Amino acid sequence: MVGLLPALARDAPSLLRQLARQYPGELIELDLGLTRAYLATHPEQVQYVLHDNWRNFGKEGGMWKPIGRLLGNGLVTAGGDEWLRNRRRMQPLFSSRQLAGLVDRMFDVVEGDLPRLEERARAGAVVDMDKEMMQLTQRVILATMFGVSITPREADSLGEVLLVAIQALNARMFLYFMPDRLLPGERALRDAIARIDEAILRLVRERRRSKEERDDLLSLLLRARDESGSGMDDRQLRDELVTMFIAGNETTAITMTWLFYLLDRNPGIERKLRAEIEEVVGDRRPTAADLSRMEYTKMVIQEAMRMYPPSWLVPRTVKEDDQICGYPVPAGATVILSQYVMHHDPAFWEAPAEFDPERFTPERSASRPRYSYMPFGGGPRQCIGNLFSIMEAQIVIAVLLRRLRMRLVPGHPVSPQAVATLRPRHGLKMTLHAV
Ligand code: HEM
């Protein structure tokens, strides 16, 4: 496959999906100019890379390099023993029991945002749903991380500067082989990283000094210990907090944005979803037990993430020469696993372009290979925040849908754009209506 770069730059997910259709089940070698890359097209290949022989497929260098500038040694970008020690320290924080303690805080943030949205509905305003969701999930994640230690104003300004950094890094993801100094926006990126460091390290130090016990993620992280009983230093805490923000904010916001778009296109599914919310939560404050009973809501979220996986690409670098299901791959090559490719494979998904949440009933899920669906990756490096984000999405849906109906502005163009995440290229313009 030669000369793919221009087509990749135009619309990478469609190109990769098309190649996978053309050569189903093969490990496809791609010529990306300076680097050699292989695209997995079968769930067993994905399983081999993420699970069976995961230690031989690292995150060092390549497309991971730019993002490492912001995330440092946080869980997403760290490797080896350091990653393992911190993953073990942090895993208990993300258990369903621990997360149940965050339901109230998440609810308060979302409910607190509702009057503003209701006001927009009354004014008949057009809103950018993608921007609204980014702002909302940003408030949720910052409130769950820092609780009342961060004022809404500080949260908004930290959120803003984090977004500046993400945008600059998005632009660098496919240009990782270029020297930093040749890329545009380098100064703004450095400034943004310095401001993020200052704000987060200040919050960490203040909390350490105050010795106060709170129930937010920062307090839990301060208490997290490895097997030898040692905790994290300030720098590591900073890296993990920034990592959680970056890994958890845009991904969840995009899930919500695509979901509201899909509901607008599928009124029957929206009705069924509203009926479940009415039946399980009604007008009450949702509890953790309610969330586990909202099974249809969960299937709608899973199906939205199938059609538009917010994380659509998982790259790995081969450490030592290997064979992926019989295909040789040399050390140093990049292996590309793509949720978008897996989630649209007609061999595992009937009519993949159709929005059908019932695909996720236990009966229908049972017949599919594990790695045909991987919105959160898989294996030991699977997303640590998967339960967190589903819980947050369920709360956002329950709170917003019982007051509002979202409708796409007629004629607004909708198509996916692949950067680090898969987002609507032209945003998502919607009007809000009271129900
Ligand atoms: C819909 C929302 C989300 C999606 C689609 C998503 C997706 C992913 C994926 C695909 C990975 C694996 C990357 C790889 O193997 O290279 C990952 C890892 C990770 N995610 Fe998420 N994520 C979401 C939400 C969150 C949230 C809310 C948090 C934290 C609060 C979070 C924190 C992390 C962390 C720390 C890792 C690295 C885990 C490790 O390597 O040990 N994510 N995520």
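Residues numbered from 1 in each chain as written. Predicted model: local features only at pLDDT ≥ 70, side-chain atom pairs only at ≥ 80, totals over all residues. Heavy atoms only, no water.

By the naming in an unreviewed UniProt entry, the chain goes by Cytochrome P450 CYP262A1 and is assigned to Sorangium cellulosum. Looking at the Cofactor (unreviewed entry) heading of the UniProt record, one finds this comment for the chain: "heme". (UniProt positions renumbered as here; feature names shortened; annotations may be inferred.)

Undergrad: An account of the layout of surface pockets is needed here, citing residue identities and associated values.
TA: Its boundaries defined by the atoms lining it, the largest pocket holds a volume of some 540 Å³. Along the walls of the largest pocket sit 21 residues, with K298, N386, L387, I390 and M391 positioned nearest its centre. Breaking the lining of the largest pocket down by element, the ones donating at least two residues are α5 (96–100), α13 (288–293), α14 (295–307) and α17 (386–401). When its residues are assigned to classes, the lining of the largest pocket shows 11 nonpolar, seven polar and three charged. (1 Å grid on protein atoms, 1.4 Å probe; cavity = no way out; pocket = protein on both sides within 12 Å on 5 of 7 lines; lining within 4 Å. Points joined across faces, edges and corners; volume = space filled by probe spheres on them. Helix = DSSP H or I, 4+ residues; strand = E, 2+ residues; numbered from the N terminus. Nonpolar A, V, L, I, M, F, W, Y, C, P; charged D, E, K, R; others polar.)

Undergrad: Tell me what's going on with the coordination of the iron atom of the ligand, and back it up with residues and numbers.
TA: A lone protein donor binds the iron atom of the ligand: C383 (SG), at 2.3 Å. Examined against the element boundaries, C383 turns out to sit in the loop between α16 (362–366) and α17. (Donors = N, O, S within 2.8 Å, 3.2 Å for Na, K, Ca; no water.)

Undergrad: Run through the site of the ligand, naming residues and quoting values.
TA: Surveying the vicinity of the ligand reveals 30 residues, the closest of which are W83, R87, R316, R381 and C383. Contacts to the ligand include R87, whose side-chain N or O atom sits 2.7 Å from an oxygen atom. With respect to the detected pockets, the ligand is housed in the largest cavity. Those elements that provide at least two residues to the shell around the ligand are α4 (80–90), α11 (234–265), β5 (314–318) and α17. Counting residues per element, the shell around the ligand draws most heavily on α11, which supplies six residues. Across the shell around the ligand, the residue classes tally to 15 nonpolar, 11 polar and four charged. (Near = heavy atom within 4 Å. Polar contact = N/O pair within 3.5 Å; in protein donor to acceptor, adjacent residues only side chain to side chain. Sits in = over half its atoms within 2 Å of the grid points.)

Undergrad: Let's hear about the packing of α11 against α17: which residues, and what values?
TA: Packing of α11 against α17 leaves a shortest axis separation of 10 Å and a crossing angle of 45°. Classified by the angle between their axes, α11 and α17 sit oblique to one another. The crossing of α11 and α17 is right-handed. Within the contact between the two elements, α11 uses T252, M256, L259, F260 and L263 and α17 uses S389, E392, A393, V396, I397, L400 and L401. Partitioning the contact of α11 with α17 into residue classes produces nine nonpolar, two polar and one charged. (Axes fitted to C-alpha atoms, helices over the stretch in contact; angles between N-to-C directions. Parallel < 35°, antiparallel > 145°, perpendicular 65-115°, else oblique. Left-handed = near helix turned anticlockwise from the far one by under 90°. Contact = heavy atoms within 4.5 Å.)

Undergrad: Describe the pattern of salt bridges, naming the residues involved and giving the relevant values.
TA: Applying the stated rule across the entire model yields 40 salt bridges. The residue D226 makes a salt bridge to R85 at a minimum N-O spacing of 3.6 Å. With a gap of 141 residues between them, D226 in the loop between α10 (217–223) and α11 and R85 in helix α4 connect regions that are remote in the sequence. Owing to a relative accessible area of 11%, D226 belongs among the buried residues under this scheme. (Salt bridge = Lys/Arg side-chain N within 4 Å of Asp/Glu carboxyl O. Buried < 20%, exposed > 50% of the residue type's maximum accessible area, 1.4 Å probe, protein only.)

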